[in-house]
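Understanding the architecture of this molecule
Chain residues, written in single-letter form:
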Amino acid sequence: MTVSYSETISSSQGGVFIKILLLWKGSLYKLLYTDLIVYLIMYYAFNIIYRACMGPEARQSFELVVKFCEEMDKSIPLSFILGFFVAGVIGRWWQMYLNIPWLNRISFFAYGILTGTKDSFETARRLRLSIMRYMNLGWILLMHSISEQIMHRFSGQEEEEQDMRSRLAYLFDRLRGMNQLSAELRSNSKKVQEERGVRGLLENINKCPEVKLHFRKLVTEAEIEAFVRAEGEYKNKYQKKYVPEYWLPLQWAALLCKKAMMHGFCDPRSMVMMMEEIEEVRGTMQTLVIYNDVMIPLVYTQVVIIAVYSFFLLQLFSQQFVNPKLTADLLSAERNVTVTPISIGNKDNHGEVIDMYFPVFTVFQFMFLMGWLKVAMCVMNPFGDDDEDFHTSEILNYNLEKSPGFEADNLFEYLEAAEMEFSAVEPPDPTERLKPFTVEKTRWQALRDFLLCRGGDATSGGGGAEAGNARQRRREHNGGK
């Protein structure tokens, strides 16, 4: 997820906007400061050259370039192009977030449906555990192919550190005069890691501390062998690098649901509900794969980038400080003729300018438009490792935590403890049981009945009284309503 600042704006007190502007992590300043520094260096390089190094003729030529760039930068519809681009990218970014699978719902269904009896509770617990193992494994395999955070988390950092140490050892051994063969034998860990292939990835998943905490082991040896066989068949057939299929563990989970129904752990309707949940998770995973593979058309992205950078290239000259009046005076003194200053900005301006040593409004414009482009480029692929990207590693921890693992799956222990606690409470005294009660009339109901009775007596005499008494009896029978 992006950086959260909801606590900063939770209060309506004054100074909230200052607190927001002073945030650094995930801020506009952190995103733009390098580009802005480079832009200001280029701006001041041209500014110093114009002020101190150019002669009258060169100054006049530079002022003509400034005037031309000032007229041309108005012809680029930058806000129109950039607005449509950012709107499309932000919509795509939000849809990608909505399609990230969260496994708490299917965990809730598995825990509530596959309960079993007291005698078959252990088998039902293993069924729930295996289904959630497969769901988490499919989630990790999907994110490992599209998310840099998950890829880095299960890449085997210790092996990479050993590989770096082995490279340094290789260089040191070569410097000491050891022959190349002996040095290569000491630094072949990376080759061994590549040869391990999918087995190395699955073993790294089992080594994860969070996985050990909730499942002890996410992939069994038999399941690793199944992936290894699939890898061998794929490489022999296509001669390409094998990427483990995320949908294969989901198929295993679906088969487990079917077996649970066949052995009486759930009814067919519950099995259909579980299959629908698995299918929903698989559909969101497939949507993420499509979003990751089908990007915004490259032509559209290139048009936006060229438009933004060409605009600020023109701004680099059009926003320069120039003094046409001083240039005209220098040329008049050099040629002994009157030279008219070049009009900058509008036709009525005859060389009068305000010397702003720092381009304040140019910097604001750079932050607005370039920041807009940078944000769009960052969220175009939100599965990276930036502040604005989705925190997929934290989402994985959440899914593992909400899965019914070894420690959390204690349904019958809880029921036995609750039964013992209730049995320890003494039964209530029979004389203190609840007694039938009648609803008493409110003052308004009594006043209304009195007026109705009096009205009946005044209109129809005895018949009215009898009708009023009948109505009174009906109300008492209905509880005073």
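Small disclaimer: the values here were computed from a predicted structure and weren't measured.

Rules of the game
- Residues numbered from 1 in each chain as written.
- Predicted model: local features only at pLDDT ≥ 70, side-chain atom pairs only at ≥ 80, totals over all residues.
- Heavy atoms only, no water.
- UniProt positions renumbered as here; feature names shortened; annotations may be inferred.
- Helix = DSSP H or I, 4+ residues; strand = E, 2+ residues; numbered from the N terminus.
- Patch = residues over 30% accessible without salt bridge, like charges linked within 9 Å, V, L, I, M, F, W, Y side chains within 5 Å.
- Areas by Shrake-Rupley, 256 points an atom, 1.4 Å probe, with all protein chains shown as cover.
- Salt bridge = Lys/Arg side-chain N within 4 Å of Asp/Glu carboxyl O.
- Core = buried A, V, L, I, M, F, W, Y, C linked by side-chain atoms within 4.5 Å.
- Buried < 20%, exposed > 50% of the residue type's maximum accessible area, 1.4 Å probe, protein only.
- Domains from an automatic or database assignment.
- Contact = heavy atoms within 4.5 Å.
- Axes fitted to C-alpha atoms, helices over the stretch in contact; angles between N-to-C directions.
- Parallel < 35°, antiparallel > 145°, perpendicular 65-115°, else oblique.
- Left-handed = near helix turned anticlockwise from the far one by under 90°.

**Some points on the UniProt feature "transmembrane region" (unreviewed entry) in the protein**
As recorded in UniProt, the sites labelled "transmembrane region" (unreviewed entry) are residues 36-54, 294-317 and 356-373. Measuring from the first to the last C-alpha atom of residues 36-54 gives 26 Å, for a span that is 95% helix and 0% strand.

**Some points on a nonpolar patch on the surface**
Residues Leu21, Trp24, Leu28, Tyr29, Tyr33, Ile37 and Ile41 make up a contiguous nonpolar surface patch of about 680 Å² in total accessible area. Here the element with the most residues in the nonpolar patch is helix α2 (residues 28-53); it accounts for 5 residues. With respect to the element layout, Ile41 can be found in helix α2.

**What to know about the pattern of salt bridges**
Tallying each qualifying case throughout the model produces 10 salt bridges. The residue Lys235 makes a salt bridge to Glu231 at a minimum N-O spacing of 3.4 Å. In this pair, Lys235 and Glu231 both sit in helix α13 (residues 221-238), 4 residues apart, roughly one turn of the helix.

**Focus on the nonpolar core**
Core analysis: the biggest nonpolar cluster contains 95 residues, and Ile100, Met135, Trp139, Leu202, Ile205 and Phe227 have the highest contact counts within it. At 14 residues, helix α6 (residues 121-146) tops the list of elements feeding residues into this core. Inspection of this core shows a minimum of three residues originating in each of domain 1 (22-94 + 298-344 + 351-390) and domain 2 (116-265). With residues up to four places along the chain from it excluded, the contact list for Trp139 reads Ile100, Pro101, Ile150, Met285, Thr392, Ile395, Leu396 and Asn399.

**So, the packing of α2 against helix α18 (residues 360-379)**
In contact at an axis separation of 9 Å, α2 and α18 are set at 125° when each is read in the N-to-C sense. It follows from the interaxial angle that α2 and α18 lie oblique. Between α2 and α18 lies a crossing whose hand is right-handed. The residues of α18 that touch α2, namely those facing Leu28, Tyr29, Leu31, Leu32, Asp35, Leu36, Tyr39 and Leu40, are Thr362, Val363, Phe366, Met367, Met370, Gly371, Lys374, Val375 and Cys378.

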